[in-house]
Amino acid sequence: MTQDNRSGRPQGRPSPGDSRLSRVEAQLRGPFLLFFVSAVIWLLVASVLGLVSAQLLRGVSGEVFTYGHVSAAQHNLFIYGWAFNAFFAINLWLTSQLGRFELRNAWLVSLGAIIWNVALTYGALSIFAGDLNGFSLLEMPRTVGPVLAVAFLLSAFWPIVAYAQRPTGHSFASQWFVVGASFVFPLAYLLAQLLVLWNPASGVVQAIAHSWFIQNLLLLWLGGSALAAVYYFLPKVLGRNITGYYLASVAFWTFFLFAGWTGTASLLGSPIPVWVQSVGVVGSAMFLVSVIITAINFHGTLSTQSGWSLAWNSTTLRFISFGAVAFTLYGVLNAIFSFRGFNAVVRFTSFSAGQEQLLTYAFASMVIFGAAYFILPRLTGSLWPSAKLVHLHFWATAIGALGSISASLAVGWQSGKQLADPAVSYAQVLTASAGLASASLLFAILLLVGHVAFALNAFGMILKSSAPAAEGRHD
Amino acid sequence: MTNPKLLIAGVFLTVALPFGALLLSSQVQLGDLAPAPEEEGGALYPATVPGLAVQGRDVYVSLGCIACHTQQVRPSGQGSDIARGYGDRPSVARDYVLQSHVLLGDRRIGPDLANYGARVAPAPKGAQTEPEKAATITKSLAAVHAAIHHGNAFAFLYEADAKGDFAPERADALAAYLLSLRQDYSSPEAKLKK
């Protein structure tokens, strides 16, 4: 795949005349690799923990590795370890490409990377030690919060600086999404920390604050960053314009406008005011507007001039178009299952885990992989060591993701249906969903295999490029 | 889209508006809720819980029980929680006002626990003698400790005390906490059907 694309040259690689990195990219290389290597390490750790937690559902346990600890650590490390580090890197690179931004203070970014990952390590260890909170993705001890916020600003505030200082008047859709995402997260994170952990709001208002925070984190920061990458790589690699590009600004504004209102749809039936729940339902339906426009932009671009087959033959686009399709599916599913009738069936089941995975894995993570296949060869100046590993990576993660998401959705629906009937006992529901435990174990193994393949390839390439002999190499 | 100030201001509003509309106004709506009597002059509910139960709550959080258990009963139009016996009435915001950090939970791998105490130790019908009371308490405690084990998963809570026949501190506190979980009183927002 890497070796045999149409130009005969591994894509993403600088053209022969351009043997040295541009100055902009050279400045970026250090912090980029620091983020990227941390991201991949956390991905591996989270995948192993995913395996452990799938096993624990079958009843193995101990004081440190209780299911609650393992699943919380897995969730936090996957999001804050893998996805955040990866988007710190990608957003920085996108910014430098689109705005001709020179990163003069690379050391500040590296400092941010170090603080972020040290604080995260401390947070994860605290979870295992039993020092954790009861709100998902805010489980780490509250002292970690402000440190992460500072590290975020050091690592991810640059796109905003670059945008404000950019020399030309013109700007791109990718830039808006990166700027918006980088701006929203620290704000939402600090407010949520305050209202949920430091100075808790009254009773269930904490749950409302939490649901609002989760949507800001997953949709606006992760989703927004991933959309930025799709808006960049799709036209870049295909060498054509986005279909209906004039709609992209509508997509941007509707995305940011409605995402913040969707959160409380996850609290249907909870002891919070009914109007707050209804706002969430309406928000999720309105959010579809941005999903539809991005679908027109992405799938429209891919559907003209045999775009799909070109995308299939490019490693980067194979991952990225997978992600683009996943985002559309996510938006539709999210709107449908925000309606009270459907939500009543699937709420509290594995269904919502499946929905989240659709967003964070099938969309965001696949886009990260695609971007990495494009950017890393440019920054390291070397090739992906093994095309076989690239294939293995794609198939293992694509099948693993589809499998584990469908299993969560299907089993969630099925056990929801069973629970709706009070005559079915809890034990019966548990037996019926036992298949999920074995299936999720299987798919967790597959995902781990894919991630190891990716890590071997990426680390191999980075090591090769930093070896002194690399200077005079021929390839 | 070319003016950075406009972009940032717009994005700021998209964060600030839901925050103000959803969070600040629910805080205004719910911030003053306090325990209320079932009937004029009666005892206040939710009742304050004993100190041991407060400690047990920390154990509950620290062991990650929330990964598998919720503590909220949805109204009968929204799911079958009441039909399943998770409670006799839906949970309401007032039920949570005494909790510094609410533990609503968002995943049910195990049953809902909002009324676990009421399920395992129902209020006695009619008067009980002292020995009868003691026997009921022993029986419900035994049921709670059996439930905490989850097969072998949480057996470590009981390992410390090798010689005695009574459970060690953390398990005791956890049991007291689980017994304190009850929403079996009438609240101004949700009356119990008598």
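What counts, and at which threshold
- Residues numbered from 1 in each chain as written.
- Chains lettered and ligands numbered in written order.
- Predicted model: local features only at pLDDT ≥ 70, side-chain atom pairs only at ≥ 80, totals over all residues.
- Heavy atoms only, no water.
- Helix = DSSP H or I, 4+ residues; strand = E, 2+ residues; numbered from the N terminus.
- Contact = heavy atoms within 4.5 Å.
- Core = buried A, V, L, I, M, F, W, Y, C linked by side-chain atoms within 4.5 Å.
- Buried < 20%, exposed > 50% of the residue type's maximum accessible area, 1.4 Å probe, protein only.
- Axes fitted to C-alpha atoms, helices over the stretch in contact; angles between N-to-C directions.
- Parallel < 35°, antiparallel > 145°, perpendicular 65-115°, else oblique.
- Nonpolar A, V, L, I, M, F, W, Y, C, P; charged D, E, K, R; others polar.
- Phe/Tyr/Trp six-rings, centres within 6.5 Å; stacked < 30°, edge-to-face > 60°.
- Lys NZ or Arg CZ within 6 Å of the ring centre and 35° of its normal.
- Patch = residues over 30% accessible without salt bridge, like charges linked within 9 Å, V, L, I, M, F, W, Y side chains within 5 Å.
- Areas by Shrake-Rupley, 256 points an atom, 1.4 Å probe, with all protein chains shown as cover.
- Salt bridge = Lys/Arg side-chain N within 4 Å of Asp/Glu carboxyl O.
- Buried area = accessible area lost by both parts, 1.4 Å probe.
- Expected span 1.5 Å × (residues − 1).
- pLDDT = per-residue confidence, 0-100.
- Bend = angle between axes of the 7 residues up to and from the residue.

As for its position among the elements, S136 of chain A is in the loop between α3 (106-128) and α4 (144-156). Look past the residues within four positions of S136 of chain A in its chain and what remains in contact with it is H75, H210 and I214 of chain A together with D106 of chain B.

What follows deals with the nonpolar core. Ranked by internal contacts, the top residues of the largest apolar core, which has 169 residues, are Y80, W82, F84, W93, F213, L217 and W221 of chain A. Per-element accounting of this core gives the leading share, 23 residues, to helix α7 (residues 205-238) of chain A. Core analysis: the next-biggest nonpolar cluster, separate from the first, contains 26 residues, V61, I148, A175 and L181 of chain B among them.

Take the packing of helix α2 (residues 51-62) of chain B against helix α6 (residues 169-180) of chain B next. Residue and element names in this part refer to chain B. At a closest axis distance of 7 Å, the pairing of α2 and α6 adopts a crossing angle of 105 degrees. With respect to their mutual orientation, α2 and α6 come out roughly perpendicular. For the pair formed by α2 and α6, the contact residues are L52, A53, Q55, G56, R57, V59 and Y60 on the first element and R170, D172, A173, L174, A176, Y177, L178 and S180 on the second. Residues belonging to the contact of α2 with α6 are distributed by class as follows: nine nonpolar, three polar and three charged.

So, about the side chain of Q175 of chain A. Residue and element names in this part refer to chain A. Looking at the secondary structure, you find Q175 in helix α6 (residues 173-198). Note on Q175: relative accessible area 8%, which makes it buried. Once residues within four sequence positions are removed from consideration, Q175 is found in contact with L98, G99, Y163, R166 and H170.

Next up on the list: unusual backbone geometry. Of the consecutive residues Y45 of chain B and P46 of chain B, the connecting peptide bond is found in the cis state with omega at -5 degrees. Here P46 of chain B shows up in the loop between β2 (44-45) and α2. At L137 of chain A, a residue that is not glycine, the phi angle is positive and equals roughly 65 degrees. Phi is positive for Q305 of chain A, which is not a glycine, with a value near 45 degrees. Residue position: Q305 of chain A is located in the loop between α9 (274-303) and α10 (307-312). Look at Q305 of chain A and you get exposed, because its relative accessible area is 60%.

Quick look at the packing of aromatic side chains now. What characterises a pair of aromatic rings is the spacing of the ring centres plus the angle enclosed by the ring planes. Across all of its chains, the model carries 62 aromatic pairs over all chains by this definition. Between F154 of chain B and F156 of chain B the ring centres are 5.9 Å apart and the planes differ by 55 degrees, which places this aromatic pair in the tilted class. A relative accessible area of 13% places F154 of chain B in the buried class. Across the ring face of W198 of chain A, the terminal group of R142 of chain A is positioned such that the distance to the ring centre comes to 4.3 Å. In this structure, R318 of chain A is placed above the aromatic ring of W312 of chain A, and the distance from its NZ or CZ to the ring centre is 4.0 Å.

All names here are of chain A. You can see P385 is positioned in the loop between α13 (351-380) and α14 (387-420). Relative accessible area serves as the criterion here: at 42%, P385 is assigned to the partly exposed category. Here the alpha-carbon distance between P385 and L98, two residues 287 residues apart in the chain, equals 29 Å. Excluding anything up to four places from it in sequence, P385 contacts N457, G460 and M461.

Together, V332, I336, F339 and F342 of chain A make up an exposed nonpolar region whose accessible area comes to about 330 Å². Along the chain, the position of F339 of chain A falls in the loop between α11 (315-336) and α12 (340-346).

Contact with chain A, which involves 74 residues of that partner, is made by 62 residues of chain B. When the two sides are added together, the surface that chain A and chain B hide from each other amounts to roughly 5,600 Å², 68% of it contributed by carbon and sulfur. In terms of surface lost to chain B, no three residues of chain A exceed P271, F348 and Y426 of chain A, which account for 14% of the buried area on that side. Where chain A meets chain B, there are one salt bridge. A salt bridge links E63 of chain A to R170 of chain B, with the nearest nitrogen and oxygen atoms 2.9 Å apart. In terms of residue count, the dominant contributor to the side of chain A that touches chain B is α6 of chain A (10 residues). A class-by-class count of the residues in the side of chain A that touches chain B yields 43 nonpolar, 26 polar and five charged.

This paragraph deals with α3 of chain A. Across its 23 residues, α3 of chain A extends 34 Å between first and last C-alpha, which sits within 8% of the 33 Å expected from 1.5 Å per residue. Backbone geometry just downstream of α3 of chain A places G130 of chain A in the positive-phi region, at approximately 90 degrees.

What follows covers the environment of S386 of chain A. Mapped onto the elements of the fold, S386 of chain A is located in the loop between α13 and α14. Along the sequence, S386 of chain A and A458 of chain A sit 72 residues apart, while their C-alpha atoms lie 9.6 Å from each other.

Here we take up the confidence of the model for chain A. Residue and element names in this part refer to chain A. Looking at chain A, pLDDT values average 90 and 92% of them are 70 or higher. Helix α15 (residues 426-432) is the least confidently modelled element of chain A, averaging 86 in pLDDT, while α3 averages 97, the highest of any element. Predicted confidence for residues 1-19 stays below pLDDT 50, and this span has 39 contacts to residues more than four positions away or in other chains. pLDDT under 50 marks residues 469-475. Its contacts with residues more than four places away, or in other chains, come to seven contacts.

Right, let's talk about the environment of A164 of chain A for a bit. Residues and elements named next belong to chain A. Here A164 is to be found in helix α5 (residues 158-165). By relative accessible area, which is 53% here, A164 ends up exposed. Taking the C-alpha atoms as reference, A164 lies 10.0 Å from G99; in sequence the two are 65 residues apart.

Moving on, we get to α13 of chain A. All names here are of chain A. Counted at 1.5 Å a residue, the expected span for α13 with its 30 residues is 44 Å, and the 41 Å between its end C-alpha atoms agrees. At Q357, α13 shows its strongest bend, of approximately 35 degrees. Of all 30 residues in α13, 26 are buried; the element is thus mostly enclosed. Count one or two residues on from α13 and you reach G381, which has phi positive near 70 degrees.

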